[in-house]
Structure formats: structure tokens, C-alpha cells
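# Geometric and topological summary
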Amino acid sequence: MSFLRLIFINLTRHRIRAIIGSAGIAFGVAAMLTVLSIVLGAINMFERILSNDSHYLVFERNVSDLFFSSVPEEAVEEIRKLEMVEAANPILFGLVSTEDTPVITCFGITNDDPRLDDAEWIAGDRALFGTEPQTIYLGSRAAEFAEVELGEEVPVGNDVFIIGGILKLENGFENGGVFMPLKLAQEFFSKEGYSSIVAVKLTDTELGEAFKKRVEADYPDLIALENEEFSQSYSQFKILSATAWSVGVCAFLLGGMGVANTMLMSVFSRIREIAVLRVCGFSKRQVGTMILGESFILAIFGTLAGFVFGFIALRLMSGIPQLNGYIQPVFDAAILAGVALVAFFTSAVGSFYPAWRATRIQPAEALRYE
Amino acid sequence: MSREFENRNAPTIIKVKNIHKGFDNGAIPVLKNVTLTIKEGDIAALWGSSGSGKTTLLHLMGGLDTPDSGTIDVAGLDPTAESDRLALRRQKVGFVFQLHNLIPDLTLKENCLVTGVATGTPKSECIERFQVLAKELGIDHRQDRRIQELSGGERQRVALCRALMHRPKIILADEPTGSLDEKNGELVFEILKQLARRENVTIVMATHERRFADACDRIFQIRNGQSFEI
Ligand SMILES: Nc1ncnc2c1ncn2[C@@H]1O[C@H](COP(=O)(O)OP(=O)(O)OP(=O)(O)O)[C@@H](O)[C@H]1O
Ligand SMILES: [Mg+2]
């Protein structure tokens, strides 16, 4: 028998208790994984909408949300004319609602926007984009969800539009969204002459700094950020990920308390036994290590179970039609490692007091204890 | 009485001097100036009525509790000093209690290997020692049984086995036969004595039964908080 085996046997002696302790950690892990996956997945998707085939984003300085940003058309024209710019695509974001869907993201784009060419046209003709009046184009998921077909008339807001095409797009947000020719979107959202952002592709990425300086000098109200820079500084993303982490950490606090409770119960019910171990030559440190070891194993099982639960939860959620496409689980190694680390840390903290308490057991007293 | 051992010139292994011990800050005085010496290989009884302080004295000798005053020397170590206690329990003394105090759910064998886990002794060595002892104690055929599946007499023999695993010089036994019927009690006591003689282990056994005390080499009566050799 080894020390490790003793720890294992101790856990298997009270299986229900061990399972409850592990379950606390497992739910913490699953909750954190799910929330992080959803939020980071969403951020990731949103980032890709913005960075679609571009290097820089130009938008209004000091706006909290890109939906509030306004870039004037003249600026777009000027930017297009710069020699370091290969392409500049204005996009106007808006939110529309239909009878059965309260919020659909709407993208007002120009005819030369790369996503029109990248998409798979399930119905409708790419060449006609922007040429027909009152016509909108739907992402395939939005179309499925709204149960509409090509040529159908649909009421959106106070208007009625004709479906001019159904596009299958790779990005979940886009695929669940509505595309309007920029002019139509500007009218619909009463933002004539403006877009929300401009996605800029440079002739050479080396020219980034020069481009940024130029734009910001010419238009003090605008800001040009490299895609990566943008993701890091955009406050909405920050708020989202902070929320995700705090929800996760709260879930873990509960898990940690579960471990603390389990281990404390376990120590209290084994006072006499621990005294006997001391009599048999266990040092205080060995007793403490044994208790910490037990909770460490609870954490290992809890984490593994949590990964499995989280994975199942995410799979189930991506099967729900309303969420389809919006959930892109991010199972990246760094996140899994981060979550596991938090799990181990919490269970270590949770078992610290029980372990300390176990080392304080006085053999003479405990042996008299019936 | 077993005077034959008194003049043996075996070295002293336990020296208890002027020990005082009370509980609740002295409100319950239990041991009042206890002095005694025990020689290597002695089989000594601490004999006295219930509540006289036998267990208390054994706990002090094994470093499980601390005296209010006085000195103790056990095999060259000081059980009153925190720094000596671990070595004392790991190398010099083994305990046997009235209740077997084995760990339920572990097998007979695993219970005996616990001391080896504490000291980090190589497994093969522990198992070899266990097989020898288990055979002598007549429990080797049940080594993979869990403690719950053993009889009282068997459990007490397992407790003896565990106490002897690390080849201690001294066994401190607190009413080791107390929970057994007469026949089993005597059997366990005889085995304990035999093994002790063979391995030259010193035994200090607390008992309130005169017949067990009489079967020892030396008897220390604990009365009124003091020890009298009779
Ligand atoms: N932790 C304690 N707090 C208060 N009193 C105690 C404590 N431990 C022991 N005592 C008291 O000390 C006295 C001696 O106890 P001890 O257990 O040493 O007696 P004993 O001789 O072993 O008795 P028995 O034959 O019943 O086992 C008893 O009166 C007991 O009540
Ligand atoms: Mg007693």
C-alpha cells in the first residue's frame, strides 16, 4: 500500500460524499466552460464580422458600442482614394425585429463587399444585389428561422421588404442576420450618409501605422485600429469576457465551498482514525497532505466530469434552433487549462481549513473520543 | 511474584520520574508524582482500578500527551518533547488499544501496512514482515478480508500485528484484552507475550484484571495517583 492508495481508499469509503464534493467542482467547471465558450465564441464571431478580409477598422472615436458609431460617406471616399488602401468597405449595423424574432442584426453593405462573393447563394442572384428596390437578403439561418422563401414579402419594422436572396455564410452572426444594400439600410435606420464602420484592406500591411496616422489627422473624430488592437480595446468585448469570468468564478466559489464542506465532514467523521494514524507514525504534515490529496483527487474527477458536462451542455445548446450558429464552443487548450487551474486552486483553498483542522487533532484526546 | 527478573542486569528502557498530570488545568489531578523504571525485555503491568490513570500514564510514555511536570525517557527519547515524538512512534513504540482502532474498509493487510506508509519503508520489506507476523498470529489466511468481516479476537490480533510491524522496542498496550471474552483474551495475551519474548520487545500493559497482571514479570499498581511496584 502506498500513500496515494490510502488517499484513494479513503475517498472510495464514502462514495456519495466524494461524489457530492466532486460534483460541486464539476458544475463550476461546466458552468465556466459553457459561459466562456459562448461569450468568447460570440466575441470571436463578432470579430470576424468586422475583420472580414480587412486589416483595419475605422470608426467613431469614443463610442461605447459600434452600433452608435457614425462614419460619414465623404470619409469613406477619401479613405478609398489613399494610395495605401486597396479596398474600403463601409458597413452600417442596425437591429431589426420581425413578428417572431425580436432582434436580428442587420448589415448594410455595398455591392462590392467581399462577403457577398464569399457566401454560398442558396437562392437569388448575386449579380442583382442592390439593383432591385425594397429588397433584402437573408442569412440562411435567419431564413430558416423566419420560414421565408425567395420572392416572399416580409414585414420588417414598419416596412415590407421582398426577399431577394438567401445566403449561406460561415459566420454564425452573419448567417443569422439580414443584409441590406447600404443605401436602403441608411434610409431604414434614418442614417443617410453614414456607416457604422469602414473595414479597410491595405495594399501592404507595413503601411498600417502610416494609414492610422493619416486617418486620425484628417478626421479627428475617427479612429483607426488594427483588428487585433480593436478586439482588445473594445469595451463591449471587455465587459462580456469579464462577465463570463465572474460568472465562472462565482460558480467555482460554490464548488469550493462544496469541497470545504465535504472534506470537513470527512475529517470530523474520522477524528479517531486520524488519531490512530498519528499513533502509527503519521506526522502532522502527512495527515494534512492526505486531506489535501483527497481533495486534489476530488478536483481531478470534478474537472474531468465538468469538461464532459460542459461539452454535453454546449452540444445540446448548439442543437437548439434559436441559438444555432451563435454558439461556437471555444475548446482551446489555454481555456481548458485556465478552467482546470481555477478548479484546482478553488479545491485547494476549500480543503485548506479541513486539512489544517486534521493536523490539529490531538491523539490522546481523540482516542478517548467515542 | 515474579522477582526473578528484578536482578537481571538488562539496561533500563523506560524511566518515568516525578510525573504529575492533571486535567482541566489541574482541577482533576490524576497522576501525582509517579516514578518507575522498566528494563529492556520486561513484561510489565500497570494495574489499577478504573479511573486510576493507567491510560493517562501510557499516553504520556508514548508521547500522545504531555505531563504537567516530571521527566520521561523512553528508549533514549523524550516523549514530552514534540521533536522526539515522531521518531518515538516510528521507531521505538507500538500501541495496542482496548478497542482495536483499526481502519474500517481497509483490509487486514492494508491496516498493517499503514505504519510502513508513514515511514516510507519499501513495500516489499513491509509485506515480508507482515507475512511472518500474520503467520505467527494466525491471521494470514484472512489477510484480504476487510476489518468488518473479522471477529473480535481476530481484530485484536491484527492490532498486535500492526503494532509490531515496524519492529518497535516497546509495546504500549492499553487493556488489549478488555473487549474480548475470557478465552480469546487469554489467547491474545499469550501470543503477545510469546512474540515479545521472541523479539525481545518490552511490554507495558494497562489492565484492571489481576490475573493478567499476575501473568506479567512486573506489576506496577497505580493507586491514588502514584505507582507502587508489587
Ligand atoms: N481529557 C480529559 N479531561 C478530563 N478528565 C480526564 C481526561 N482524560 C482522562 N480524564 C480523567 O482522568 C482519570 C484517569 O483516566 P484514565 O483513562 O487514565 O484511567 P484508567 O486507569 O485508564 O481507567 P480505565 O481502567 O477505565 O481505562 C479519570 O478520572 C478520567 O475521568
Ligand atoms: Mg484506560
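Residues numbered from 1 in each chain as written. Chains lettered and ligands numbered in written order. Predicted model: local features only at pLDDT ≥ 70, side-chain atom pairs only at ≥ 80, totals over all residues. Heavy atoms only, no water.

## What about the environment of Val-93 of chain B?
- You can see Val-93 of chain B is positioned in strand β5 (residues 93-96).
- Given the relative accessible area of 1%, Val-93 of chain B is considered buried. (Helix = DSSP H or I, 4+ residues; strand = E, 2+ residues; numbered from the N terminus. Buried < 20%, exposed > 50% of the residue type's maximum accessible area, 1.4 Å probe, protein only.)

## A short note on the sheet that holds strand β3 (residues 43-47) of chain B
Residues and elements named next belong to chain B.
- One open sheet holds the six strands; their spatial order is β5-β6-β7-β3-β8-β9, and the pairing between them is mixed. At either end of the open sheet lies a strand with only one pairing partner, and these are β5 and β9 (226-229). Taken pair by pair, the neighbouring strands of this sheet meet at an average axis angle of 20 degrees, ignoring direction.
- Alignment of strand β8 (residues 218-223) against β9, held across four bridges, turns out to be antiparallel. Within β9, the position partnered with Ile-222 by the bridge is Ser-227.
- Its contacts with the sheet put helix α5 (residues 152-164) on β5 and β6 (170-174), and the angle it makes with β5 is roughly 170 degrees. (Pairing = 2+ DSSP bridges. Axes fitted to C-alpha atoms, helices over the stretch in contact; angles between N-to-C directions. Contact = heavy atoms within 4.5 Å.)

## Let's talk about the packing of helix α4 (residues 123-137) of chain B against α5 of chain B
Residue and element names in this part refer to chain B.
- Two elements in contact, α4 and α5, have axes separated by 10 Å at closest approach and are oriented at 145 degrees. Our pair here, α4 against α5, has a crossing hand that is right-handed. Contact with α4, carried on its side by Arg-129, Phe-130, Leu-133, Ala-134 and Leu-137, involves Arg-157, Leu-160, Cys-161 and Leu-164 of α5 and no other residues of that element. (Left-handed = near helix turned anticlockwise from the far one by under 90°.)

## What about the site of ligand 1?
- In the region of ligand 1, 13 residues are neighbours, and Arg-368 of chain A together with Ser-50, Lys-54, Thr-55 and Thr-56 of chain B sit closest.
- Positioned at a junction of chains, ligand 1 has nearby residues supplied by chains A and B.
- Taking Gly-51 of chain B, its main chain carries an N or O atom lying 2.8 Å from an oxygen atom of ligand 1.
- One of the side-chain N or O atoms of Lys-54 of chain B is found 2.8 Å from an oxygen atom in ligand 1.
- Protein burial of ligand 1: of its 630 Å² of free accessible surface, 69% is covered by the chains.
- For the shell around ligand 1, the secondary structure elements donating two or more residues are β2 (28-39) and α1 (54-61) of chain B. (Near = heavy atom within 4 Å. Polar contact = N/O pair within 3.5 Å; in protein donor to acceptor, adjacent residues only side chain to side chain. Areas by Shrake-Rupley, 256 points an atom, 1.4 Å probe, with all protein chains shown as cover.)

## Description of the packing of aromatic side chains
- Taken as a whole and assessed by the stated rule, the structure comprises 14 aromatic pairs over all chains.
- Ring centres of Trp-121 of chain A and Tyr-137 of chain A lie 5.9 Å apart, and the angle between their planes is 70 degrees; this geometry places the pair in the edge-to-face category. Of this pair, Trp-121 of chain A sits in strand β5 (residues 120-124) while Tyr-137 of chain A sits in strand β6 (residues 135-139); the two residues are 16 residues apart in sequence, bridging distant segments of the chain. Accessibility classification places Trp-121 of chain A together with Tyr-137 of chain A in one group, the buried group.
- A network of ring pairs unites the aromatic residues Phe-67, Phe-93, Phe-107 and Phe-179 of chain A as a single cluster.
- For Arg-210 of chain B, the ring lying beneath its charged end belongs to Trp-47 of chain B, and the centroid distance is 4.7 Å.
- When the ring centre of Phe-228 of chain B is taken as origin, the NZ or CZ atom of Arg-223 of chain B, which lies over that ring, is 4.7 Å away. (Phe/Tyr/Trp six-rings, centres within 6.5 Å; stacked < 30°, edge-to-face > 60°. Lys NZ or Arg CZ within 6 Å of the ring centre and 35° of its normal.)

## So, the pattern of salt bridges
- For the coordinates displayed, the defined rule picks out 28 salt bridges over all chains.
- The salt bridge involving Lys-201 of chain A is made with Glu-86 of chain A; its shortest N-O contact spans 3.9 Å. One end of the pair, Lys-201 of chain A, is in strand β11 (residues 197-202); the other, Glu-86 of chain A, is in strand β3 (residues 85-96), and 115 residues separate them in sequence.
- Given a relative accessible area of 23%, Lys-201 of chain A falls into the partly exposed group.
- Through salt bridges that share partners, Arg-13 and Glu-273 of chain A together with Asp-105, Arg-145, Arg-146 and Glu-149 of chain B make up one connected network. (Salt bridge = Lys/Arg side-chain N within 4 Å of Asp/Glu carboxyl O.)

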